[in-house]
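Survey of secondary and tertiary structure
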Amino acid sequence: MPAKRSISAPYRVVIVTLDSHATGPCERVMPRLVADYPGLEVQVFAAAEWGENPEALEAAKQAVAQGDIVIANLLFLEEHIKAILPAMQVRRDQCDAMIGIIADAQIVKLTRMGTLDMSAPSSGALRLLKRLRGSSKPSTETGQRKMKLLRRLPQILRFIPGKAQDLRAWFITMQYWLGSSDDNIEALVRFLLSRYADRPDWKDTPAPEPRDYPDTGLYHPDLPQRITTKLADLPGPAKPRATVGLLMMRSYVLSSDTAHYDAVIRALEALGLRVIPSFAGGLDARPAIETYFQKGGTRQIDALLSLTGFSLVGGPAYNDNENAVKVLTSLDIPYIAAHPLEFQTLEQWEASAQGLGPIETTMLIALPELDGATVPTVFAGRHGEGVTADGKANHSSKAMAPAPERVEMLAARVDRLARLRRSKPQDRKLAIVLFGFPPNAGAAGTAAYLDVFASLHNTLQALKGEGYDLEPPETV
């Protein structure tokens, strides 16, 4: 256990997570926290920055080495785990509490909160963790089922004395984080300080219960409360040209890091489109699709645009391609995946000859394309230190910002695809491109082991059957 510290020394809460969306809530609630907890420091470190910024990784390691309460979550990628795991292992028994949630099993097993030690052999109440504990293996269990279990377990554990209360605290910590609004981030820090900080004057100070938000819901910047569960609450044009279903990350909506989403919503609406911006918890977009885009099996949208930057089912850690394909097949509409930069700043990306790095290419492009996503577009990211979207100085530069000209391009593409989906086959213009290499008179339409012109003939006949205005030749 750590040695007793002076009450005048800084007390450090260190949060290590995948991205920077929690930075805004932490900065906004700090004045209230410091007023009640003199000397408190709360720092957020984003693993997504480490690849392009080695100094950011070193800063995270140093902070962990001095952290009094260390929280780690959303660390699934092997290179992120290897980078920070040794520092966490060294600090584990020296800090007041170390908490791993929603992360790889190696991170979760470092959890030590009072009597709760997740590195110890599982017994008793610890068996309750098996369905929610982090794992390096994929899970197809929906986020909705996990959230129901997450809410129920703390209520059950409340009545079990002894060690179960620290297990309950772990579940409550997860509830706070999954609902990462300003209120919940502030309450999270208060809760952990009152229970685990080695400061007698902070013991048992009050902390509000986790504030509950919809697992699946709708967002719009013009809504009074920003979030609703009713389609009728959404603003939109009276006679839209088409309807676009928009998928967003729930964590970004709750943490008010939505400038990039707002820009896309505004750009689509400016083109006369109705926009249904929806989110779902658990890194599984199916509940949002089933609730708002395909009610009762009837399709409500003409195009689906994902702004999450991840695969449709599974998030950043894996891809449940089979279930994603089932959902998209039933929708039978254009599916577009656009990507906010997480692993480099907009300035780094614009200056790079390579563009996206290997992890970004895999996570943001390849995995969504396995689902059936098209038109990959970078539309937003974070600016470098001290720079805002308009180029002015700013000390808080961790918020997402749109790339305006790319948002306009994305909106125009989505508009064309949505209107194309609504059009009749006989009104469409279709081009078919045949392979022709090497470039000479006899190479067009040649391909090893394939009868290209028979395939073309079959395709033309099928298009005529679907209503396209064309006359295929009678024979190949």
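For the structure, check the block above.
Presented here is a report on the structure given in the accompanying data block. Positions within a chain are numbered from 1, following the residues in the order the chain's sequence is written. Only residues with pLDDT of 70 or above have their local features reported here, since the model is predicted, and side-chain atom pairs are shown and tallied only from 80 upward, although totals for entire chains, interfaces and linings are computed over all residues. Excluded from the side-chain calculation are hydrogens and water; included are all heavy atoms of the structure.

Quick word on the sheet that holds strand β12 (residues 335-340)
Rule in force here: Pairing between two strands requires that DSSP report at least two bridges joining them. Strands are runs of DSSP state E lasting at least 2 residues, helices are runs of H or I lasting at least 4, and numbering of each runs from the N terminus.
As summarised here, the arrangement of the 8 strands in space is β8-β7-β10-β9-β11-β12-β13-β14, forming an open sheet in which the pairing is mixed. Both outer strands of the open sheet, β8 (227-228) and β14 (400-402), are each paired with one neighbouring strand and no more.

With respect to the packing of aromatic side chains
Test applied: Within 6.5 Å between ring centres, the rings of Phe, Tyr and Trp (the latter by its six-membered ring) count as paired, and their orientation is classed by plane angle as stacked under 30 degrees, edge-to-face over 60, tilted in between. Think of it in three bands: residues with accessible area under 20% of the maximum for their type are buried, residues over 50% are exposed, and the middle band is partly exposed, with areas taken using a 1.4 Å probe on protein chains only. Definition used: whenever NZ (Lys) or CZ (Arg) falls within 6 Å of the ring centre and also within 35 degrees of the ring normal, the charge is taken to sit over that ring.
Scanning the entire structure with this criterion turns up 5 aromatic pairs. Ring geometry for Tyr176 and Phe191: centres 5.7 Å apart, planes at 50°, overall tilted. Of this pair, Tyr176 sits in helix α6 (residues 164-178) while Phe191 is found in helix α7 (residues 182-196), placing the two residues 15 residues apart along the sequence. You'll find Tyr176 and Phe191 in the same group, each marked buried. An aromatic cluster is present here, built from Tyr11, Tyr37 and Trp202 joined pairwise through their rings. The ring of Trp202 carries Arg199 above its face, with NZ or CZ at 4.2 Å from the centroid.

Some thoughts on the nonpolar core
One recurring pattern in soluble globular proteins is that nonpolar side chains are buried together. In plain terms, the rule: To define a nonpolar core, start from buried Ala, Val, Leu, Ile, Met, Phe, Trp, Tyr and Cys residues and group those joined through side-chain atoms within 4.5 Å.
Core analysis: the biggest nonpolar cluster contains 63 residues, and Leu40, Trp50, Ile69, Trp170, Leu192 and Leu193 have the highest contact counts within it. Grouped together as the second largest cluster of nonpolar side chains are 46 residues, Tyr213, Ala242, Phe279 and Leu410 included.

Description of the side chain of Ser251
Our working rule: Two residues qualify as a contact provided that any one of their heavy atoms is within 4.5 Å of a heavy atom in the partner residue.
Residue position: Ser251 is located in helix α8 (residues 250-254). In contact with Ser251, other than residues within four places in its own chain, are His21 and Ser180.

Notes on the environment of Asp204
Following the sequence through the fold, Asp204 ends up in the loop between α7 and β7 (216-219). Overall, the relative accessible area of 72% leaves Asp204 in the exposed class.

With respect to empty space enclosed by the protein
What counts here: Grid points spaced at 1 Å and placed over the protein atoms alone form the basis of the search, with a cavity being a set where a 1.4 Å probe fits but cannot get out and a pocket an open set showing protein on both sides within 12 Å along at least five of seven lines. Lining residues have an atom within 4 Å of a point. Grid points are joined across faces, edges and corners, and a volume is the space filled by probe spheres set on the points. When residue character is reported, Ala, Val, Leu, Ile, Met, Phe, Trp, Tyr, Cys and Pro are called nonpolar, Asp, Glu, Lys and Arg charged, and the others, Gly included, polar.
One pass over the structure, following the stated rule, counts 3 cavities of 30 Å³ or more. Put simply, the largest cavity is a space of about 130 Å³. As for the largest cavity, its lining consists of 14 residues, of which Leu283, Asp284, Ala285, Thr308 and Leu312 are closest to the centre. Secondary structure elements with two or more residues in the lining of the largest cavity: β9 (243-249) and β10 (274-280). Per-element accounting of the lining of the largest cavity gives the leading share, 3 residues, to β9. When grouped by side-chain class, the residues that make up the lining of the largest cavity number 9 nonpolar, 4 polar and 1 charged. Roughly 80 Å³ of internal volume is contained in the second largest cavity. In terms of lining residues, the second largest cavity is bounded by Asp19, Met249, Tyr252, Tyr261, Leu307, Thr308, Gly309, Phe310, Pro340, Glu342, Phe343 and Leu364. Split into classes, the residues belonging to the lining of the second largest cavity amount to 8 nonpolar, 2 polar and 2 charged.

Some details on helix α2 (residues 54-66)
Let me state the cut-off plainly: Residue count minus one, scaled by 1.5 Å, sets the expected span of a helix. As used here, the arc belongs to the directions running from the helix axis to the C-beta atoms.
In this model α2 runs 19 Å from its N-terminal to its C-terminal C-alpha over 13 residues, within 8% of the 18 Å that 1.5 Å per residue would give. All of the buried residues in α2 are Ala56, Leu57, Ala60, Ala63 and Val64. Looking straight down α2, one finds that the buried residues subtend no more than 125° of arc, so they occupy a single side. Exposed residues on α2 whose side chains face more than 90 degrees from its buried face are Pro54 and Glu55. Residues of α2 that are buried in the fold lie against β1 (11-17), β2 (40-46), β3 (69-73) and α3 (78-91).

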